[in-house]
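Examination of the molecular architecture
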Amino acid sequence: TPTPAPDLKTCGRATISDGPPVCYTCCPPPMPTNFDTIPYYKLPPMTKLRIRSPAHAVDEEYIAKYNLATSRMKVLDKTEPLNPLGFKQQANIHCAYCNGGYLIGCKVLQVHNSWLFFPFHRWYLYFYERILGSLIDDPTFALPYWNWDHPKGMRLPPMFDCERTPLYDERRNPQVRNRTVLDLGSFGDKVETNELQLMNNNLTLMYRQMVTNAPCPLLFFGAPYVLGNNVDTPGTIENIPHIPVHIWTGTVRGSTLPNGNTSYGEDMGNFYSAALDPVFYCHHGNVDRMWNEWKAIEPTKRKDLSVPDWLNSEFFFYDENKKPYRVKVGDCLDTKKMGYDYAPMPTPWRNFKP
Ligand code: C2O
């Protein structure tokens, strides 16, 4: 059976992953309508595609726009804490869907480590992008993508490394600053190597995760999510490099947070807090782009799953007009139909067959 959209009435306290059982509340604001009458989302007609660009290559004008939109979102946290369009409320969506905020029947809903991963995050970014655009009255505003599969993008994109701007997050691991090259395969250990070697390793790893290890859909998307089955089999890209990029960017584990607690990898390094770092959405832009790139490698074999259990799984989100909607996995398979696309970048890893 497909996973139904969670009912807000079941939302309760979430638990922080990996740490001691600390509770955290991240339920969305109350709904204006009865849950059972939430309509299905219809993709709105569109006139011009939103084009998502590589984050390392955007111009000053774009950076200013993106900062402005993000700052308006952050202002809502203070002026209207229950506005679902606020930055914290948006970040809480991730927490609620990942840290046990929702129950389906009596099982905890989890959108990671299974085939729900790609479609959940695609819809999540879809609405986040529309909200940013509407806050600055720009219906073609598009998120940037962190192009970590290309040597030019294997660093924190500079626009996120500017102190006292809305895109900056002071809780990040300081190692991400000053143009350090990231290791796409590392779960925390550091290997002594030079930048060139690291970039080569990253490209080889991308080839492995995109080509060698993901010849068929279930390996790329992850195992079927059957409620209560505690599936824990992420797809190739979800596992690596998606998780290493989170760990690399999050707070140093074991360090002391300003409130005196021990860090469990805040912000990017833990599910409950990941989306409190604006770079989360940029990272996931590239994860989402890999879905398109994977299909492009071999369109006859590398296809979306066609099973109804996946296609009919649902989530719920607030749109940019604060209206709640149910969305279906089957409606997010084609980004152009959804109104956006990725500015092309070469994919040099395709030539890195080991
Ligand atoms: Cu929902 Cu990158 O994790």
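Residues numbered from 1 in each chain as written. Predicted model: local features only at pLDDT ≥ 70, side-chain atom pairs only at ≥ 80, totals over all residues.

A few words now on the packing of helix H1 (residues 60-79) against helix H3 (residues 117-135). H3 packs onto H1 with a crossing angle of 95° between their chain directions and a minimal axis gap of 8 Å. For the element pair H1 / H3, the angle class is roughly perpendicular. Residues Ala69, Thr70, Arg72 and Met73 of H1 form the contact with H3, whose participating residues are Ile131, Leu132 and Leu135. Tallied by class, the residues present in the contact of H1 with H3 amount to five nonpolar, one polar and one charged. (Axes fitted to C-alpha atoms, helices over the stretch in contact; angles between N-to-C directions. Helix = DSSP H or I, 4+ residues; strand = E, 2+ residues; numbered from the N terminus. Parallel < 35°, antiparallel > 145°, perpendicular 65-115°, else oblique. Contact = placed C-beta atoms within 7 Å. Nonpolar A, V, L, I, M, F, W, Y, C, P; charged D, E, K, R; others polar.)

For the rest of this paragraph, the subject is unusual backbone geometry. Each neighbour pair has its own omega, and for isoleucine 240 with proline 241 the value is 10°, a cis peptide bond. Following the sequence through the fold, proline 241 ends up in helix H6 (residues 236-249). Of note, the amide linkage connecting glutamate 266 to aspartate 267 takes the cis form, showing an omega dihedral of -25°. Locating aspartate 267 in the fold gives a position in the loop between H6 and helix H7 (279-297). A positive phi angle, near 60°, is found at asparagine 113, a position not held by glycine. Relative to the assigned elements, asparagine 113 resides in the loop between strand S5 (107-108) and H3. Notably, arginine 179 is not glycine yet its phi reads approximately 60°, a positive angle. Looking at where arginine 179 falls in the secondary structure, it is placed in the loop between H3 and helix H4 (195-212).

A separate point is the confidence of the model for the protein. Taken over all residues, the pLDDT of the protein has a mean of 94, while the share at 70 or more is 99%. Interface confidence for the predicted complex, given as ipTM, is 0.99, next to a pTM of 0.97. (pLDDT = per-residue confidence, 0-100.)

Our focus in this paragraph is the UniProt feature "binding site: Cu cation A" (unreviewed entry) in the protein. As annotated by UniProt and renumbered to match this structure, "binding site: Cu cation A" (unreviewed entry) occupies His94, His112 and His121. On the basis of their most widely separated C-alpha atoms, the annotated residues across 28 residues gather in one place, lying no more than 10.4 Å apart. Tracing the sequence through the fold places histidine 94 in helix H2 (residues 87-98). For histidine 94, the contacting residues outside a window of four places in its chain are Phe271, Ala274 and Ala275. Its place among the elements puts histidine 121 in helix H3. For histidine 121, a count of 25 C-beta atoms within 10 Å translates into the label buried. Dropping the residues within four chain positions of it, histidine 121 is found in contact with His284, Val287 and Asp288. (UniProt positions renumbered as here; feature names shortened; annotations may be inferred. Buried ≥ 20, exposed ≤ 12 C-beta atoms within 10 Å, placed from the backbone.)

Our next topic: the environment of proline 119. In this fold, proline 119 is placed in helix H3. Sequence separation between proline 119 and leucine 205 is 86 residues, and the spatial gap between their C-alpha atoms is 23 Å. Beyond its immediate chain neighbours, meaning those up to four positions away, proline 119 contacts Val329 and Cys332.

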